[in-house]
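# Working through the structure, step by step
For reference, the chains in residue letters:
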Amino acid sequence: MKYLVYGAGGTGGCLAAFLAMSGKDVSLIARGAHRDAIEENGLVLETGHGTFAVPIPAFEQERYGQQPDVIFVCVKGYSLEGIFPTLERLCRPETIVIPILNVVGTGGAMQPRLPQSLVTDGCVYIAAEIKAPGVVHMSGDIFRVVFGPRTPEEYRPELKQVAQDLNECGVEAILSDNIQRDAWMKFSVVSSMAACGIFHDVKVGAMQHPGPIRDDFAAFVNEIGALAAAMGFPLGDDLAERNLAIQDALAPDASTSLKRDLDAGKPSEVDGLIFQVVRLGRQYGVPTPRYDAVAAKLGYVEAAQ
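Residues numbered from 1 in each chain as written. Predicted model: local features only at pLDDT ≥ 70, side-chain atom pairs only at ≥ 80, totals over all residues. Heavy atoms only, no water.

Bringing the sheet that holds strand β12 (residues 144-148) into the picture now. In spatial order, the strands read β9-β12-β13; together these three strands make up an open sheet with mixed pairing. Unpaired on one side and paired on the other, β9 (121-125) and β13 (172-175) mark the two borders of the sheet. Within the sheet, the average angular offset between the axes of one strand and its neighbour, ignoring direction, is 15°. Pairing of β12 with β13 involves four bridges; the strand directions are parallel. When the bridges of β13 are listed, F147 appears paired with L175. (Pairing = 2+ DSSP bridges. Helix = DSSP H or I, 4+ residues; strand = E, 2+ residues; numbered from the N terminus. Axes fitted to C-alpha atoms, helices over the stretch in contact; angles between N-to-C directions.)

Most often, soluble globular proteins have nonpolar side chains that are buried together. Counting residues in each nonpolar core, the largest one holds 47 residues, and the members touching the most others are W184, I274 and Y291. Elements represented by at least two residues in this core include exactly β9, α6 (179-200), α7 (212-230), α8 (239-248), α10 (270-284) and α11 (289-297). With near-sequence residues (within four places) excluded, Y291 lies in contact with S191, S192, A195, F220, E223, I224, L273, I274, V277 and V278. Core analysis: the second largest hydrophobic core is formed by 40 residues, C14, L28, F143 and V145 among them. (Core = buried A, V, L, I, M, F, W, Y, C linked by side-chain atoms within 4.5 Å. Buried < 20%, exposed > 50% of the residue type's maximum accessible area, 1.4 Å probe, protein only. Contact = heavy atoms within 4.5 Å.)

On to the sheet that holds strand β2 (residues 25-29). Spatial ordering of the open sheet is given by β5-β2-β1-β6-β7-β8, a layout of six strands whose pairing is parallel. In this open sheet, the two edge strands, each paired with only one partner strand, are β5 (58-59) and β8 (118-119). Across four bridges, strand β1 (residues 2-6) lies against strand β6 (residues 70-73) in parallel orientation. What sits directly across from Y6, in β6, is V73.

A separate point is the environment of L4. Here L4 shows up in strand β1. Residue L4 is classed as buried on the basis of its relative accessible area of 0%.

Right, let's talk about the pairing of β9 for a bit. Counting buried positions over the five residues of β9 gives five, a clear majority of the element. Side chains D121, C123 and Y125 of β9 all project onto a buried face; the interleaved residues G122 and V124 project onto the opposite face, where all are buried too. Bridge count between β9 and β12: five bridges; the pairing is antiparallel. If you follow V124 over to β12, its bridge partner there is V145.

With that settled, the discussion passes to the pattern of salt bridges. Oppositely charged side chains can form a pair if their charged atoms are brought close together. Inspection of the entire model under this criterion finds 22 salt bridges. Residues K24 and D165 are paired through a salt bridge, measuring 3.6 Å at the closest nitrogen-oxygen approach. Taken as a pair, K24 in the loop between α1 (10-21) and β2 and D165 in helix α5 (residues 158-168) lie far apart in primary sequence, 141 residues in all. Connected through shared salt-bridge partners, K24, D165 and E168 make up one network. (Salt bridge = Lys/Arg side-chain N within 4 Å of Asp/Glu carboxyl O.)

Now for the packing of aromatic side chains. Geometry of an aromatic ring pair is reported as the spacing of the ring centres plus the angle between the planes. Considering all chains together, one arrives at six aromatic pairs under this definition. On the basis of an interplanar angle of 80° and a centroid distance of 5.0 Å, the ring pair of F18 and F143 is categorised as edge-to-face. Here F18 is found in helix α1, whereas its partner F143 is found in the loop between β11 (135-138) and β12, with 125 residues between them in sequence. With 5.4 Å between their ring centres and 75° between their planes, F59 and Y64 make a pair best called edge-to-face. Under the relative-accessibility criterion, F59 is labelled partly exposed at 22%. Taking the ring centre of Y125 as reference, the NZ or CZ of R144 above it sits at 4.9 Å. (Phe/Tyr/Trp six-rings, centres within 6.5 Å; stacked < 30°, edge-to-face > 60°. Lys NZ or Arg CZ within 6 Å of the ring centre and 35° of its normal.)

Take T106: it is sitting in helix α4 (residues 106-110). Leaving out residues up to four positions away in the same chain, T106 has contacts with L80, P99, L101 and D121.

Taken N-terminus to C-terminus, the directions of α7 and α10 make an angle of 50°; their axes are 10 Å apart at the nearest point. Classified by the interaxial angle, the pair formed by α7 and α10 is oblique. Where α7 crosses over α10, the handedness of that crossing is left-handed. Judged by residue contacts, I224, L227 and A230 of α7 engage V277, L280, G281 and Y284 from α10. Taken together, the residues of the contact of α7 with α10 sort by class into six nonpolar, one polar and no charged. (Parallel < 35°, antiparallel > 145°, perpendicular 65-115°, else oblique. Left-handed = near helix turned anticlockwise from the far one by under 90°. Nonpolar A, V, L, I, M, F, W, Y, C, P; charged D, E, K, R; others polar.)

Here is the structure:
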């Protein structure tokens, strides 16, 4: 299969590097100095097992002219609108688009814009970020991609091949039979970790030791669990325990991209990861006092009403 990874940040850079290192046919869409450095030196991937310079064809979106079989969309939520002209140009009826963004429901929102192709839902478990132009740093060993169609009627046999290819690359790939539930499961990790990190101004290490901050992380998780259950996607009574185990496997210096972007004054996914929880809580009648507090801290006026 011919793969295109759209976006060369922490998630997209790692995904493309793992695919390329195992000999898969993969290209990247990247921008500016980051793309230039990848073209010149390969994508430099820093991991706990070594540093690897991985040759990967990297293109500005306007210059990519191939016809990929599978497109992994790995951009931030606020950049999504700007990539549709390119996606519309590249997509054919047989093309599979797999968004693995942090915000739940992305695939369902994208599908009407790309009616000629299959757009699945998806999510990723990874801690990684751009360290410098052309350099991506991966913290810890967790790298899990979960994806799948929203209905049985949308299933295609090629999805099984995608999962097989990813597993051959060292990425734990799960072809889900309930991707909306599984996307909420992932959201309960990344949203809660971001909310707790922002509210207490800490990295993951502060949430890995018994005490008030760790307890607060569990409180954020439980609010997401109650909301998902109200929406018809129960995540299980042991949700907080499972998420704490996931968090404990991360490097102590890991942080969420949302917190990093906010700290740097950059555009962020705060609306989809924090404020949307407050809105959905009100819509479904689920109290979200911890999310109300962090949203208010971030200046979300409705959170105080």
